[in-house]
Amino acid sequence: MLFNSFEFWIFFAAVLVLYARVGHAKQNVLLLLASYVFYGSWDWRFLSLVLLSTVVDFVVAQKIEANETEGRRRLWLLLSMATNLGLLGVFKYYDFFAVSLVELLNAMGIGASLPVMKVILPVGISFYTFQTMSYTIDVYRRRSKPTRSFVDFALFVCFFPQLVAGPIERASDLLPQVQTPRPRWVEGLREGSYHIVIGLFKKVVIADNLAEIVDAVFASDPSTIGGATCLVGVYAFAFQIYADFSGYSSMAQGVAKILGFDLMFNFRMPYLARDPSDFWRRWHISLSGWLRDYLYISLGGNRGSAWKMYRNLMLTMLLGGLWHGAGWTFIAWGAFHGALLCAFRPFSGKSRAAPGRVRAVVSIVVFFHLVCVGWLLFRAPTIEYAAAMVARIVTDLSPSSFAVSSMLLVSFFTTPLFLYELWVEKKGNMLALLEVSWPARAAVYVYATVMIVTFAPPSRHAFIYFQF
Amino acid sequence: MLALLCVEVVLRFGAPALSEDVRHVQAMPQIAKALAKRPDPRVLFVGNSLTRRGIDEQSISDGLERAGAENVSLARLYPDDTRILEWYYVALHFAFGLDDGRPVALVVPFGPGHLRDPANKDPRRLGNSFTTWRDLGELFHSDIHTLDDRAQLIAGQLSVAAATGPRVRARVLDKIVPNYRQVARRYKTMTDAKPTEPSAPAPRSPKYGILRRLSHLSEENDTALVLVAMPTRLGYELDADLRSIVESTPTVLVDLREAAPEPSLHLDALHLNQKGSRRIGGVLGPLLVEAVPSLKAP
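Residues numbered from 1 in each chain as written. Chains lettered and ligands numbered in written order. Predicted model: local features only at pLDDT ≥ 70, side-chain atom pairs only at ≥ 80, totals over all residues. Heavy atoms only, no water.

Comments concerning empty space enclosed by the protein
Residues and elements named next belong to chain A. Defined as follows: Put plainly, a pocket is an open set of points on a 1 Å grid over the protein atoms alone with protein on both sides within 12 Å along at least five of seven lines, a cavity is a set where a 1.4 Å probe fits but cannot get out, and a lining residue has an atom within 4 Å of a point. Grid points are joined across faces, edges and corners, and a volume is the space filled by probe spheres set on the points. Put simply, DSSP marks the helices as runs of H or I at least four residues long and the strands as runs of E at least two long, and each gets a number from the N terminus on. Residues are grouped as follows: Ala, Val, Leu, Ile, Met, Phe, Trp, Tyr, Cys and Pro are nonpolar; Asp, Glu, Lys and Arg are charged; every other residue, Gly included, is polar.
Taken as a whole and assessed by the stated rule, the structure comprises 4 cavities of 30 Å³ or more. Here the largest cavity defines a volume of roughly 200 Å³. Within the residue set of the lining of the largest cavity, elements represented by two or more residues are helix H8 (189–218), helix H9 (227–258) and helix H17 (401–427). The element best represented in the lining of the largest cavity is H9, accounting for 5 residues. Residues belonging to the lining of the largest cavity are distributed by class as follows: 10 nonpolar, 6 polar and 2 charged.

Next up, the structure:
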């Protein structure tokens, strides 16, 4: 049930009609049932995994709260971690590590074999396990109180707008909204509709149209296409993945807002970042915040020697890469971003000083291209493939008419969004559009709606981040 | 909502200007009615651009006359980018849905894969251009199964904007991007050329459920169904399942795949040029008379 499908909107309308007619307690039960139906529409069997995580973490949080001895509290926390990371390990990583280990042993001349499971990856497993783990860790760290209501907690874990691709919300932000009565749905309609229109525009008009270019380029042998075409493919993917994921997050925010919930902004114009730290404050903010608070700081963060800080940065980003998928390209992507963070670290104090306009533009352009190198690793089927594309880009950048036409297509779809985001950045307010005069707002809505209706490509694409 | 309404109004009046095909689709009821008013025997051709480019009415009339079938009334319906699913509903409405004046023969010129049940459908266009509310029962039962596709079908029946979006998109991109259609075709070729994973399941054998329904419908209406395998530059195979349908039903297959082997008769990889369509007309006329003897005057 994709956000860009009629099926979802029929489902949401039905939920909203019932939601508007019942009181707070029943609203939570309704949303919980709706969330299970939503998740079950992918595969009912995987509901058992969400339920397992939910039951374990609900019980564990109570036990942690009830125990004063540090050792026992830690044991209960370890049970939660083992359950959630165990689910991730089995369903997401086991086959990858088993195959990699066997390949390594065989390369060393040691004959070995391990069974592989070839299980389907449960949609959204990385998102909800991280969300529920943050709850038990916060209770363990005494930053949150556990809830006594199973329904409230279960709804926190599987609230359908953000269940399958985030934002990864913290218990301290989302649980209180579950527990207390929320504003009536009409009060969130204005802001919610804004998020939904912007999200649909990003997904349907930008991401799905660019997907045709990206899929074509990355399905080709790099030696058979020119370097300019490879480069356009990488640019197209950079905007596709941004529009796809931020579009999803925006629609999640909009749907949640209409239901009376405030979800966090997961993106803040990431391609206007000037350095890696700036980028990670703008890109997939809920994950980068999670990794910072629960991994980087747990490893020691900035404390200790410079060497330890660099080690912590590299480890955090490597695991961040691995979070995305069980594959060497994701690990390489994480390592690349870790290396960028380390390389820029000595200059971080200087780069914060307000730069001149030219320097700011140069920083943005240079850093965007570094991010693109990362996206090449992320999208390529193998590291060898990524290397072959880089080789083509470096050695043969003569623009073919095909590459020029493709670049025009990329520009046509992305330029309006880019200009809009420049304006939002200048205003310094993510909801700046809601504060302008109604004719200007109407013009943006009309443009976005016309584009959504008329520029949807022939085939619909699933959200990229559903696979994680 | 207001924005959506504006788009709808603009496209409701402006859609015919978008393409010749939209105008043809809108003219299909008139073409069918005009054929029904003409004297017997009547032959209706239903297909896509292969029919538009490859079926020349004058050459076929000449061929029919040479074979002894004079004064046969002919008409063609050829909505672009359609295949058996759309043709079924076109035939249902414009060959068999008229009170009188039904054709004695329904001729379906086809190319590679056109007769197979489609893996990818465009429910919005199907809803807008080829079906009505009265078809919903059959559509939901036999052709459109998921809630999302059904909602798209209904959106297409209600809204011109929902159905003609792809045409607006193509028109605008044609103006902005040089050689947009060629570029888009190349994307598709590049994507399709990707080798499949060794572990990927083998493709299922083709299904011809809709063709069987069309055959049954034709039989019920005493209309001969004639399938014409059109020549293409690269050629294609007719699989065993298709042949078995032809053998087990009154449907007739006319195989013209080798009727225009010269490259000079082809416009592109799929379509014939004018010379090629005249060649096919000359060949097809007598074969139609052979397949449908009632075309000859008693």
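Having seen the model, we can carry on.
Some details on helix H3 (residues 47–66) of chain A
All names here are of chain A. In plain terms, the rule: One less than the residue count of a helix, multiplied by 1.5 Å, gives the span that helix is expected to have. Think of it in three bands: residues with accessible area under 20% of the maximum for their type are buried, residues over 50% are exposed, and the middle band is partly exposed, with areas taken using a 1.4 Å probe on protein chains only. Contacts were defined at the residue level, with two residues in contact if any of their heavy atoms lie within 4.5 Å.
The terminal C-alpha atoms of H3 lie 29 Å apart, and with 20 residues this matches the ideal 28 Å at 1.5 Å per residue to within 8%. Among the residues of H3, those classed as buried are Leu47, Leu49, Val50, Ser53, Thr54, Val56, Asp57, Phe58, Val60, Ala61, Gln62 and Ile64. Packed against the buried residues of H3 are helix H2 (24–40), helix H4 (70–107), helix H5 (125–140) and helix H6 (150–158).

Quick notes on the interface of chain B and chain A
A common measure of how large an interface is: the accessible area buried when the components associate. The cut-off we apply is this: A 1.4 Å probe defines the accessible area here, and the buried area is the portion of it lost by two parts on being joined, summed over both. Just to be clear on terms, a salt bridge is a Lys or Arg side-chain nitrogen sitting within 4 Å of an Asp or Glu carboxyl oxygen. Polar contacts, as counted here, are pairs of nitrogen or oxygen atoms within 3.5 Å of one another; within protein the pair requires one atom able to donate a hydrogen and one able to accept it, and residues that are adjacent in sequence qualify only if both atoms are side-chain atoms.
Of the residues lining the interface, 27 residues belong to chain B; the matching set on chain A comes to 30 residues. Together, the buried faces of chain B and chain A total about 2,600 Å²; carbon and sulfur atoms form 74% of this surface. The largest contributions to the chain B side of the interface with chain A come from B:Arg169, B:Tyr187 and B:Met190, which together make up 26% of the buried area. At the surface where chain B touches chain A, the tally comes to 1 salt bridge. Here B:Arg169 makes a salt bridge to A:Glu212, at a shortest N to O gap of 3.6 Å. Where chain B touches chain A, the interface holds 6 residue pairs in polar contact (both at pLDDT 80 or more). Looking at the side of chain B that touches chain A, the elements that each hand over two or more residues are helix H1 (2–18), helix H8 (147–158), helix H9 (160–176) and helix H10 (180–192) of chain B. For the side of chain B that touches chain A, the element with the highest residue contribution is H9(B), accounting for 9 residues.

Describing the domain arrangement of chain A
Residues and elements named next belong to chain A. As a reminder of what qualifies: Annotation comment: domain bounds sourced from an automatic or database domain assignment.
Looking at the assigned domains, one finds that chain A contains domain 1 (6–182) and domain 2 (189–274 + 355–467). For domain 1 versus domain 2, the separation of C-alpha centres amounts to 29 Å. Contact residues are listed per partner, giving 27 residues for domain 1 and 18 residues for domain 2. The three residues of domain 1 that bury the most area against domain 2 are Trp9, Pro161 and Pro167, which together make up 25% of that side's buried surface. For the pair domain 1 and domain 2, the interface holds 0 salt bridges.

Observations concerning the pattern of salt bridges
The tally for this structure, following the rule as stated, stands at 25 salt bridges over all chains. Taking the shortest distance from any N to any O, the salt bridge between A:Asp293 and A:Arg170 comes out at 3.0 Å. One end of the pair, A:Asp293, is in helix H11 (residues 285–299); the other, A:Arg170, is in the loop between H6 and helix H7 (171–179), with 123 residues separating them in the sequence. We classify A:Arg170 as buried; its relative accessible area is 15%. For B:Arg116, the salt bridge identified is with B:Asp239, shortest N-O distance 3.4 Å. Here B:Arg116 is found in the loop between strand E3 (105–110) and helix H6 (123–130), whereas its partner B:Asp239 is found in the loop between strand E4 (224–229) and helix H12 (240–248), with 123 residues between them in sequence. The exposure class of B:Arg116 is partly exposed, given its relative accessible area of 35%. With relative accessibility at 17%, the residue B:Asp239 sits in the buried group.

What about the state of the cysteines?
Inclusion rule: In this description, a disulfide is simply a cysteine sulfur pair whose atoms lie within 2.5 Å.
Going through the model one piece at a time under the given rule, you end up with 0 disulfides over all chains. For A:Cys230, which is in no disulfide, the shortest distance to another cysteine sulfur is to A:Cys372 and amounts to 13 Å.

Here we look at the pairing of strand E5 (residues 252–255) of chain B
Residues and elements named next belong to chain B. Worth spelling out the cut-off: DSSP-based pairing: two strands are paired if at least 2 bridges between them are found. Call a crossover right-handed when, viewed with both strands pointing away from you, the route from the first strand across the helix to the second goes clockwise.
With 4 bridges connecting them, E4 and E5 associate as parallel partners. Counterpart to Leu227 in the pairing with E5 is Leu253. Note that the unit made of E4, H12 and E5 has a crossover that is right-handed.

Observations regarding the packing of aromatic side chains
To keep things clear, this is the line we draw: Stacked, tilted and edge-to-face are the three classes assigned to paired rings of Phe, Tyr and Trp, where Trp is represented by its six-membered ring and a pair needs centres within 6.5 Å; plane angles under 30 degrees give stacked, over 60 edge-to-face, the rest tilted. Definition used: whenever NZ (Lys) or CZ (Arg) falls within 6 Å of the ring centre and also within 35 degrees of the ring normal, the charge is taken to sit over that ring.
Across all of its chains, the model carries 61 aromatic pairs over all chains by this definition. Ring centres of A:Phe412 and A:Phe455 lie 5.6 Å apart, and the angle between their planes is 40°; on these two criteria the pair is classed as tilted. Here the residue A:Phe412 occupies a position in helix H17, and A:Phe455 occupies one in the segment after helix H18 (438–454), the gap between them amounting to 43 residues. Directly above the ring of B:Phe140 sits B:Arg150, whose terminal nitrogen or CZ lies 4.8 Å from the centroid.

Remarks on unusual backbone geometry
In this chain, B:Asp40 is followed by B:Pro41 through a cis amide linkage whose omega measures -5°. At A:Arg142, a residue that is not glycine, the phi angle is positive and equals roughly 60°. Along the polypeptide, A:Arg142 turns up in the loop between H5 and H6. Positive phi is not limited to glycine here, since A:His284 has a value of about 40°. Its location among the elements puts A:His284 in the loop between helix H10 (276–280) and H11.

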